[in-house]
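# Examination of the molecular architecture
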Number of protein chains: 2
Amino acid sequence: MKKVFSPFAAVPADSVSDWRESGLLREIARWMAAFPKASAAIDDDCALLEVSRERRLVTVDSLIYGRHFDDAVEAYWAGRKLLARNLSDIAADGGQPSDAVLALVMSGDVAKGWLKDFYRGILENCVRYGLRLVGGDVASVAGTGFFSATLTLTGFGGTRVLRRSGARAGDFICVSGTLGGSLKSGRHFRFEPRLALGRLLAEENLATACMDLTDGLAKDLPALVPAGTHAELDLAAIPLSAAAEGVGSAFSDGEDYELLFTVAPENFERLLSRSGDLKISKIGSIVAGTASAGTPFGLPFGGGFEHF
Amino acid sequence: MKKVFSPFAAVPADSVSDWRESGLLREIARWMAAFPKASAAIDDDCALLEVSRERRLVTVDSLIYGRHFDDAVEAYWAGRKLLARNLSDIAADGGQPSDAVLALVMSGDVAKGWLKDFYRGILENCVRYGLRLVGGDVASVAGTGFFSATLTLTGFGGTRVLRRSGARAGDFICVSGTLGGSLKSGRHFRFEPRLALGRLLAEENLATACMDLTDGLAKDLPALVPAGTHAELDLAAIPLSAAAEGVGSAFSDGEDYELLFTVAPENFERLLSRSGDLKISKIGSIVAGTASAGTPFGLPFGGGFEHF
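Residues numbered from 1 in each chain as written. Chains lettered and ligands numbered in written order. Predicted model: local features only at pLDDT ≥ 70, side-chain atom pairs only at ≥ 80, totals over all residues.

In this section: helix 3 (residues 112-129) of chain B. Residue and element names in this part refer to chain B. An ideal rise of 1.5 Å per residue puts 26 Å on 18 residues; helix 3 measures up with 26 Å between its terminal C-alpha atoms. Those residues of helix 3 not exposed but buried are Trp114, Leu115, Phe118, Tyr119, Gly121, Ile122, Leu123, Asn125 and Cys126. Packed against the buried residues of helix 3 are helix 1 (20-33), helix 2 (75-92), strand 3 (96-107) and strand 4 (132-141). Note on helix 3: the residue one or two positions beyond its end, Gly130, has a positive phi of about 75°. (Helix = DSSP H or I, 4+ residues; strand = E, 2+ residues; numbered from the N terminus. Expected span 1.5 Å × (residues − 1). Buried ≥ 20, exposed ≤ 12 C-beta atoms within 10 Å, placed from the backbone. Contact = placed C-beta atoms within 7 Å.)

A few words on the sheet that holds strand 7 (residues 209-212) of chain B. Residue and element names in this part refer to chain B. Spatially, 5 strands are ordered 7-9-6-10-8 in an open sheet, and the strand pairing comes out antiparallel. Edge positions in the sheet fall to strand 7 and strand 8 (229-233), since each of these pairs with one other strand and no more. Neighbour-to-neighbour, the strand axes of this sheet turn through a mean angle of 25°, independent of strand direction. Two elements, strand 6 (residues 172-176) and strand 9 (residues 259-263), share 4 bridges in a ladder whose sense is antiparallel. Following the sheet pairing, Ile173 is matched in strand 9 by Thr262. (Pairing = 2+ DSSP bridges. Axes fitted to C-alpha atoms, helices over the stretch in contact; angles between N-to-C directions.)

A few words now on helix 2 (residues 75-92) of chain A. All names here are of chain A. Between its first and last C-alpha atoms helix 2 spans 26 Å; for 18 residues at 1.5 Å apiece the expected length is 26 Å, and the two agree. Helix 2 sits mainly inside the fold: 17 of its 18 residues count as buried. Looking one or two residues past helix 2, Gly94 carries a phi angle of roughly 75°, positive in sign.

Right, let's get into the environment of Phe8 of chain B. Residue and element names in this part refer to chain B. Locating Phe8 in the fold gives a position in the segment before helix 1. A tally of 19 C-beta atoms within 10 Å means that Phe8 is categorised as partly exposed. Taking the C-alpha atoms as reference points, Phe8 and Arg163, 155 residues apart in sequence, are found 40 Å from one another. The contacts of Phe8, once residues within four sequence positions are left out, are Asp109, Val110, Ala111, Thr144 and Gly145.

Time to look at the packing of helix 2 of chain A against helix 3 (residues 112-129) of chain A. Residues and elements named next belong to chain A. It is at 6 Å that the axes of helix 2 and helix 3 come closest, and there the two elements cross at 40°. As judged from the angle between their axes, helix 2 and helix 3 are oblique. Where helix 2 crosses over helix 3, the two elements pack in a sense that is right-handed. Across the interface between the two elements, Ala75, Tyr76, Trp77, Ala78, Gly79, Arg80, Leu82, Leu83, Ala84 and Leu87 of helix 2 pack against Trp114, Asp117, Phe118, Tyr119, Arg120, Gly121, Ile122, Asn125, Cys126 and Tyr129 of helix 3. A breakdown of the residues in the contact of helix 2 with helix 3 according to their chemical character gives 14 nonpolar, 3 polar and 3 charged. (Parallel < 35°, antiparallel > 145°, perpendicular 65-115°, else oblique. Left-handed = near helix turned anticlockwise from the far one by under 90°. Nonpolar A, V, L, I, M, F, W, Y, C, P; charged D, E, K, R; others polar.)

It is worth spelling out unusual backbone geometry at this point. Residues and elements named next belong to chain B. Here the phi dihedral of Asn205 falls at roughly 55°; this positive angle occurs in a residue that is not glycine. Secondary-structure assignment places Asn205 in the loop between helix 6 (195-203) and strand 7. Exposure remark for Asn205: the 12 C-beta atoms within 10 Å place this residue in the exposed category. Within the chain, Glu255 stands out as a residue other than glycine whose phi angle is a positive 60°.

It is worth spelling out the environment of Thr290 of chain A at this point. Residue and element names in this part refer to chain A. Tracing the chain through its elements places Thr290 in the segment after strand 10 (280-288). In this structure Thr290 comes out as exposed when scored by C-beta crowding, with 11 C-beta atoms within 10 Å. Separated by 164 residues in the primary sequence, Thr290 and Cys126 place their C-alpha atoms 44 Å from one another.

Here the focus is the environment of Trp77 of chain B. All names here are of chain B. Structurally, Trp77 is set in helix 2. With 19 C-beta atoms counted inside 10 Å, the residue Trp77 sits in the partly exposed group. Remark: the alpha-carbon pair of Trp77 and Ile122, spanning 45 residues in sequence, is separated by 8.7 Å. Not counting the four nearest positions on each side in its chain, Trp77 is found in contact with Gly121 and Phe189.

With that settled, the discussion passes to the domain arrangement of chain A. All names here are of chain A. In terms of domain boundaries, chain A breaks down into domain 1 (12-156) and domain 2 (172-291). Here domain 1 and domain 2 have C-alpha centroids that lie 29 Å from each other. Considered class by class, the residues forming the side of domain 1 that touches domain 2 number 8 nonpolar, 3 polar and 4 charged. (Domains from an automatic or database assignment.)

Residue and element names in this part refer to chain A. In spatial order, the strands read 7-9-6-10-8; together these 5 strands make up an open sheet with antiparallel pairing. Bordering the open sheet on either side are strand 7 (209-212) and strand 8 (229-233), each of which pairs with just one other strand. Each adjacent strand pair in this sheet contributes to an overall mean axis angle of 25°, direction not counted. Across 4 bridges, the pairing between strand 7 and strand 9 (residues 259-263) is antiparallel.

This is the structure:
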């Protein structure tokens, strides 16, 4: 029998509505106070950020019950996933995370203990990745069975920030880690946001463009390919995870949260020597001109493209 | 017959799901491009904020169909309300708004035209209040009839930021505008966030503490009253709106979005001379010691308290 970690309470006394709003806010404040490095007291209209760096980044992502997670996953991992998805966006820009705010929209039958673990998944990982949760909002909807959380994350860029635009003809197309099968293997909950790699690529001026892989190569790669160029891929060079089912997995499974980026050829060796334990694969090149044959997604592949 | 402005489409072709996600994002980008002063292109993982001021503020608020608005209100005013509620938080801190991100969670049957007008309500008022929408996220839920929007707003404080703590025994308790009947009169959609007053109070060092009135005096005022003091109110001095039903309205109706703040007596005349057309009322004082009789909400009233 599969273990079930439902966000919803079996009896009314276990539900957040039993606390009423003031009690719920008090509980959240208490959970946050247990992580002083990861949060600031939520007791004012605005969270006050004391920062001295000039280039701020901000990103926002929502996590919804039934859509991004279900009863098969523990609350901790749902919370961690929401934070990690936002961190992956900061990584893609080569930034460092600094402060987050969290807004919850949910029905009254969400279970107390479940919600506490959800916060823990966020707060423990705030500590781990060196950021703070500084504010939030809770709102209720009528009915039952609804949970949605929206996290807004701010960060700062260093001397240079990576964007999706910037690739040039001749650049190598590279990817971190392995791709495919993330939903099947559960890696979409456990993935490591590539913050260190993102900062390396930005600060040492190693990448010309960068993004994180959320929807698979087929949907994501076109965003890195400038007008008047196309991508030629070496399908055999695409690094596949153990859970991937052929190279198609890398194109369409999604939720890999690896970095996809372009590198000038003269910088490729330096990149490999500086990226430590993390696997970096060259999977193709940006080539001047448009390819002869179109494909779905507007992505003209150079290699033979097989099964999907 | 009452006019109905439902967020939900009568026929599938009018619903956002008819666009699919990529089409929806393209439409949103188009709506935003029509307001270049109010937004930045959403085409990257993070929105890049180019700022040079050091004290950043951030606040987040959600707006939910069936909870904060319904079929009786046009989409424009729902969007404006979401933005204005966040601006009111920035006003309460004496800050200036700078950048916002918006996350939508909704079922596929939200109507195209309705959503466009919702964005217009936000974007037109971004122009009006001098801020930019710089990023966002959309996510769908199964079923029908669901719409929730979460706006995160960043701003900056000047030389001084107002907090809820800071009132001292002897301070006057003041309020802007008039209170009560906001839900009945529709003012909870049309209210003016008190940004100019907030900045005046902060920059000229006129207030010792400040917050915005969202839930009514009974629930909100205790947050301004320091331990070891109490609030003595002059009930006859509380400024009531035309829609208020007696002084009880000011205590419990909520959604006034006026500023509630404390002022040292020696600064009160200067405040009145500097606040222009905006009505400012002294409604009581912070008094040392605890009051003899407790009341619900931990708010010991000095005056006779009548009907609620």
